Structures are given as C-alpha cells and as structure tokens.
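# Topology and contacts: notes
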Amino acid sequence: MENGKDRNEGTPINFIQEAINEDNLTGRYGGRVHTRFPPEPNGYLHIGHAKAICIDFGMAEKYNGLCNLRFDDTNPSKEDTEYVESIKEDIRWLGFKWDGLYYASDYFDIMYDCAVRLIKKGLAFVCDLSADEIREYRGTLTEPGKESPYRNRSVEENLDLFSRMKAGEFPDGSRVLRAKIDMASPNINMRDPVIYRILRAHHHRTGDKWCIYPMYDFAHPIEDMVENITHSLCSLEFEDHRPLYEWVVNNVGLEAKPRQIEFARLNMNYTLTSKRKLLQLVKDGYVKGWDDPRMPTISGMRRRGYTPEAIRDFCDRIGVAKTSSTVDIALLEHCIREDLNRRAMRVMAVLRPLKVVIDNYPEDLVEEFDAENNPEDPQAGSRKVPFSKVVYIEQEDFCENPPKNYFRLSPGREVRLKHAYLIKCEHVVKDEKTGEILELHCSYDPETRGGNAPDGRKVKGTIHWVSAAHAVEGEVRLYENLFLDPNPGEEREGESFLDYLNPNSLEILNSCKFEQALAEAQPGSRYQFLRMGYFCADAVDMKKERPVFNRIVPLKDSWAKAVSKG
RNA sequence: UGGGAUGUAGCCAAGUCGGUAAGGCACCAGACUUUGACUCUGGCAUUUCGUUGGUUCGAGUCCAGCCAUCCCAGCCA
C-alpha cells in the first residue's frame, strides 16, 4: 500500500483498510485478518449482500487472511435449509471461497455456558416481565427506563430459573434472560437487553433440542470470538449495538477480542433490498420466484444473465464508506455492458420481425456471408450466415415517413444489411383495412456483396436481419426495472411499494427470428444480439426447438434518446 | 440540550503534517463507425466542499455554533 493506494489498482484504500492497517501496525491481532460473512438463512441473497460479500471476502483476500461463511441461525421461526443452500450457491457463483463453514447453532452450548457465566458474575438475570412490560420499562428515546423488579434476584435463583428455562419448564414468552447493564443508558441497546428467549420452534439444524434461543446481540460476538474473527464487518444500523457487542466480548469470559466495524449498506435506485418485501413479491406471485430475472437477488441476476465479474466490478466501483447512499442502477448496467462487450459473441436476432422480399434476388439462391463473432476480440473468429430472397428485419428499422436523421430503411431509400448487401425499399404492402405494414419489397444491388458499394456511395444505415428460410423461431423476454419509482422502498403516505411496480417490467416476444447458431445456445450462455442488447439463453426454458432468451441489458441507444427528446 | 452516525457535482467517491478540489457513472458536444454499439477527444464543483463564524500568509482539511439527513424504543437479524 503505497501513497494510500491499493496494491494492484489505482483505487484509494477505504476506511476499513485504514483500520486494518492500523491494527497491523500496532500488532493488535498479530497481523491476522479473519472476517466472516454471517447471513441469516431466512431469504435469498440480493445485490446488497453482494456488496457485503465483496467487502467481507475481499478484505480477507487483500490481506491474505481468511473469511468464514457463517449462518446466523438463532431464530428458527424464520429460517430454512432452502435458504442455506441458495446462499452457498450464490457465494460460490460470485467466485468466493469461504474458509470455514459454520452455523451459529453449532455454538448453542457455548453460548449457554457464556450466559451462565454472566449470571454467576451477577451480569445477567432472569426476568419475568411480559414483552409489553419490558417495553414499558425500557423507557423511550428521551426518557430513561426503569429497572425490572426481577433485576436483583440472587445468582442461585437466576441459575436455577435459567436452567429450568432451558429444560422447558416455562411457556414461550414467559421469561427471558437479560443482561444487567444500565436502564438509564442513553443507548437503548444497553438498557438490560434480552439475551435469551423461550421459543419452541423446530430448528433446521438442532431440531427440538433447544427451546431457548440467544438473541443476536449476545450471540453474534460469541460467534465471532469462537471463530477467532478479528474484524467483524457489518452495516451501519449496528453502530448503536457496538457498545453492547463490546460489553459481551469483555464479559463473557472468552479470550478473543474481535472488533466490529460498520459500513453503509447498498441502496440502488429503482430497486428494493428489503428481504421482507422481496419475500412478499415472491410469496404473493408478483414475480415468478426468487430467481425471477427482474429480482435484485443474486439468483435473479444470474438467471437474467449478469456475470459474477460484472457484479464484483460494480461492488468495487461503488466503494466502501459510511455515508448512506443510493447508487444509480445505470452504474450496474454499465458494468455488465462493459464486461459483455469484451466477451459476448455477436449474433443476429430479429425481435419484432418485418418480412422483406428481395424481388430481384434469385428464387432459390442461398449465399453465405462471413460474420465476425466479436469485433472486440479477433480471436473469436467468424461464422457463416446464410442469406436468401426473403429476410426478416426489425420493424423499427423501417419507417414509412422517416423523421429527420433517420437513416434506416424507408420508401425509396437504401440501407445496408449487415455483412450482406445494400437493399432499397421499392414498395410497401399494407393491410387495406388496418393500414398495418405486412411486408416490404426491396431490390438489392448485386455489386454491393459484403456491404460495400464499388461506386463509393455512402450508406449511413446498417441493420441486422435473418434469412427467413433459415431462421429459428423462439421467444425473447424483455425486462425493465421492476419498479417505476426511483425509491420503491420508501412508501409515501397511504401507498405501498406494490403501487410502484412497473406493469411493463416483463414483455414477452413470441415470434422472434434467430440465426441458426442460436438453436445450439447452451442454457445460461450470453450473446450480443446485434444492435439490440445483451441476451442470455434462459437456464430453465431454453430448448433447441424453441430458444428462449432473456434480455440482460439493452445496448445504449443514442438514436432512441434523440427521438424521445424530440 | 436522548443517543449514535453522516453531509465534497445529477449519482457514487478520493482528498490522512492545513498549500490552492482525483477517478468512475450519468449528462453535453465532436471524431470514428458495415452495431445510431464500442472506441477516442473535449466539456462538466475557481464567489467551490451542508451552513455561519473563528484561527491562519493560506482551510474541504483545525476550532465553535447552527442546519439537514439516516439509524435506534423486536422476546428480529
């Protein structure tokens, strides 16, 4: 790290690295860096978690340290193994390898012992107040709380009661174990926080062994200590909990002294990153599942066609800081375009076909043209594309009464069919009743084979096409933002985030014409459909007989922008 | 006069002994172009760093006050 810069890139170091550098300098952890990513298995990971993952694993990577994956499964009423499997898959897919794979539930015995130790030190007590009473006793943001009448029970009584809580002698909610700290603390988290509750729920790993479960504030530092974590990185909302984290670290009788550091979580416009609301979208059928390509989940983005490289690049670019911020989704789109521009094979696909008959082209002739697979990558080579008398072009590439500066096809005008010939529109066949354009009749100039006119005349427009005789028909799914509102998470008076759903977030095109190569597309493989965007063969619905592609992101379109501006 | 945190461009974000505002995205203009893509060039905070004062030869950086925004009153994490 020279000049405050990162080793490899020119990116400046962030405040977490500063803290770690400081610790390394003072020898606080003997130069060790051991982080952890601690998801609760109660939902699918989303783009916000991707940031956290990149930070947790990334810091370990940068310092040749370790990063554990730890499921923070201390609340069995919400958790499920379905989620742990998806989380593991998502992390692997992002390209990270965890050092240890652990579960908070592995430490339930240790946590219980820690609680007993606290009781013995007079630092915890069993409280019989009801949940409502505890809330009342807690005070408010501006007034101190008052002490529980059970606060001064003897160590012996507390020990007895707590062991009977564990033994299942008391009903759910009837008692809790609380840390004895300070009911007058200005920090509400320190007002004798509950650290154990009675909860009879089947745990996905420990089954029915326990009927008491530790609370996050008590469990998390212990998990970190047990795993010998050095830097416990979490999001800003836990900043207020740090004094309690430290209280537990210092009082629970374990050796390790991990350090909690908080950073701002990711918000992105037009995007929701609330697990609860995402769950609702799935459960109530607003989307087709956690992996619906419109979802900001890792699995949704994967299905959509995002690459792990693009997501990681995005996470690098947004930086790490403590300012609550909302990143523009345009940056994410830029990252995937940049990645795919380098790597994706170019192909021709007509999404909204318009039939074009080339009147002067021989009836049965089929020519093959060389088409480069990727102009950005000469190594990608080329392929043959068949051409014949009838081709399909994009409906939007023809305009009967073209606006100024339109340089695609229009009556009497010439355009280039990419890789093939210059064609000129001779006449338009329309439905007499509706006026709908049914097909175009064009002529081609045999001298322009390959797309160049020997007389040197310039043709500004180049459009893509597919030979009708050789086309494969299939489906394309066009996605837009799931929400119309830039900040769907913030519900205005009397409204719900559901009111902000974009009714056009999915458009299905059923009669798209693909060049032949696309019938062989491997599910999950990505292409650039020339002039249209980046697309991904759907991982589950792709069939050779009927290809199905998801639009990952459209290409930038300065013409469309100019048109919309008028 | 509850506590904690944060305020640098439309959006992120550097700026760490005070020395004269990085970079990216977006946007605008132009060049190139057999993708209106890509690429390239130029522009984009010089009465300016939330704001007002102060210290100083000099302040985004130091000091004081004020303002705004976010988080916290789960037996959720």
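Look above for the structure.
Report on the accompanying structure. (Residues numbered from 1 in each chain as written. Chains lettered and ligands numbered in written order. Predicted model: local features only at pLDDT ≥ 70, side-chain atom pairs only at ≥ 80, totals over all residues. Heavy atoms only, no water.)

## Topic: the nonpolar core
- By size, the foremost hydrophobic cluster in this structure holds 51 residues, and its most contacted members are Ile 16, Ile 91, Ile 311 and Phe 314.
- No other element matches the 9 residues that helix H2 (residues 47-62) contributes to this core.
- Other than its neighbours up to four places away in sequence, Ile 16 contacts Ile 55, Met 59, Leu 233, Ile 261, Phe 263 and Val 320.
- Formed by 40 residues, the second largest nonpolar core is a distinct cluster that contains Phe 170, Trp 210, Ile 222 and Val 249. (Core = buried A, V, L, I, M, F, W, Y, C linked by side-chain atoms within 4.5 Å. Buried < 20%, exposed > 50% of the residue type's maximum accessible area, 1.4 Å probe, protein only. Helix = DSSP H or I, 4+ residues; strand = E, 2+ residues; numbered from the N terminus. Contact = heavy atoms within 4.5 Å.)

## Points about the side chain of Lys 88
- Along the chain, Lys 88 falls in helix H3 (residues 81-94).
- If we ignore the near neighbours within four places in the chain, the residues touching Lys 88 are Leu 69, Phe 71, Trp 98, Leu 101 and Tyr 103.

## Some thoughts on the sheet that holds strand S2 (residues 66-71)
- Across the sheet, which stays open at both edges, the 3 strands sit in the order S1-S2-S3 with parallel pairing between neighbours. Two strands lie at the open edges of the sheet, namely strand S1 (34-37) and strand S3 (101-103), each paired on one side alone. Adjacent strand axes in the sheet meet at a mean angle of 35 degrees when their direction is disregarded.
- On top of the sheet, H3 reaches S1, S2 and S3; it is set at about 160 degrees to S2, its chief contact. (Pairing = 2+ DSSP bridges. Axes fitted to C-alpha atoms, helices over the stretch in contact; angles between N-to-C directions.)

## Brief notes about the sheet that holds strand S22 (residues 465-467)
- A sheet is described by the order of its strands in space; here 7 strands give the open sequence S21-S18-S19-S20-S14-S17-S22, paired in mixed fashion. Two strands lie at the open edges of the sheet, namely strand S21 (462-463) and S22, each paired on one side alone.
- In terms of strand pairing, strand S18 (residues 414-417) meets strand S19 (residues 422-430) through 3 bridges, oriented antiparallel. Looking at the pairing, Val 415 lines up with Ile 423 of S19.

## Topic: the pairing of strand S15 (residues 367-372)
- Side-chain alternation along S15 places Glu 367, Phe 369 and Ala 371 on a buried face and Glu 368, Asp 370 and Glu 372 on a face that remains uncovered.
- Relative to strand S16 (residues 382-387), S15 runs antiparallel, the two being bridged by 6 bridges. What sits directly across from Asp 370, in S16, is Lys 384.

## Quick notes on the environment of Glu 515
- Looking at where Glu 515 falls in the secondary structure, it is placed in the loop between strand S24 (506-514) and strand S25 (526-529).
- Through-space distance from the C-alpha of Glu 515 to that of Val 472 is 6.3 Å; in sequence the pair is 43 residues apart.
- Other than its neighbours up to four places away in sequence, Glu 515 contacts Val 347, Met 348, Arg 383, Val 385 and Val 466.
- At a separation of 2.7 Å, a polar atom in the side chain of Glu 515 contacts the main-chain amide nitrogen of Met 348. (Polar contact = N/O pair within 3.5 Å; in protein donor to acceptor, adjacent residues only side chain to side chain.)

## Here we look at the state of the cysteines
- Going through the model one piece at a time under the given rule, you end up with 0 disulfides.
- In this model Cys 425 remains outside any disulfide bridge; the closest cysteine sulfur is found in Cys 442, 4.7 Å from its own.
- For Cys 425, a relative accessible area of 1% puts it in the buried group.
- Look at Cys 442 and you get buried, because its relative accessible area is 0%. (Disulfide = S-S within 2.5 Å.)

## Topic: the pattern of salt bridges
- One pass over the full model with this rule turns up 53 salt bridges.
- Measuring nitrogen to oxygen at the nearest pair gives 3.6 Å for the salt bridge that ties Glu 157 to Arg 153.
- Linked by salt bridges that have partners in common, Asp 291, Arg 303, Glu 475, Arg 477, Asp 538, Asp 541 and Arg 546 make up one network. (Salt bridge = Lys/Arg side-chain N within 4 Å of Asp/Glu carboxyl O.)

## Some thoughts on the packing of helix H1 (residues 15-26) against H2
- Close contact between H1 and H2 brings their axes to 12 Å; oriented N to C, the two are set at 40 degrees. Classified by the interaxial angle, the pair formed by H1 and H2 is oblique. Pair H1 / H2 crosses with right-handed handedness. Residues Ile 16, Gln 17 and Ile 20 of H1 form the contact with H2, whose own contacting residues are Ile 55, Met 59 and Lys 62.
- Across the contact of H1 with H2, the residue classes break down as 4 nonpolar, 1 polar and 1 charged. (Parallel < 35°, antiparallel > 145°, perpendicular 65-115°, else oblique. Left-handed = near helix turned anticlockwise from the far one by under 90°. Nonpolar A, V, L, I, M, F, W, Y, C, P; charged D, E, K, R; others polar.)

## Remarks on the protein's contact with RNA strand B
- In the neighbourhood of RNA strand B, 69 residues make up the surrounding shell, with Phe 407, Arg 408, Gly 450, Lys 561 and Lys 565 lying closest.
- Taken together, the sugar and phosphate atoms account for 63% of what RNA strand B places within 4 Å of the protein.
- Asn 75 places a side-chain nitrogen or oxygen 3.0 Å from a sugar or linking oxygen of RNA strand B.
- Between RNA strand B and the protein, one listed contact pairs a base nitrogen with a side-chain N or O atom of His 241 at 3.5 Å.
- For the surface near RNA strand B, the per-class residue count stands at 25 nonpolar, 21 polar and 23 charged. (Near = heavy atom within 4 Å.)

## What to know about the packing of aromatic side chains
- Summed over all chains, the structure comprises 27 aromatic pairs.
- Between Phe 162 and Tyr 196 the ring centres are 5.3 Å apart and the planes differ by 65 degrees, which places this aromatic pair in the edge-to-face class. Of this pair, Phe 162 sits in helix H6 (residues 155-167) while Tyr 196 is found in strand S6 (residues 194-198), placing the two residues 34 residues apart along the sequence.
- On the basis of relative accessibility, which here comes to 0%, the residue Phe 162 falls in the buried class.
- Within the aromatic cluster, the residues linked to one another by ring pairs are Phe 108, Tyr 112, Phe 162, Tyr 196, Trp 210, Tyr 213 and Phe 218.
- A cation sits over an aromatic face here: Lys 146 above Tyr 137, 4.8 Å from the ring centre.
- Here the guanidinium or amino end of Arg 302 rests over the ring plane of Trp 93, the centre of that ring lying 5.3 Å away. (Phe/Tyr/Trp six-rings, centres within 6.5 Å; stacked < 30°, edge-to-face > 60°. Lys NZ or Arg CZ within 6 Å of the ring centre and 35° of its normal.)

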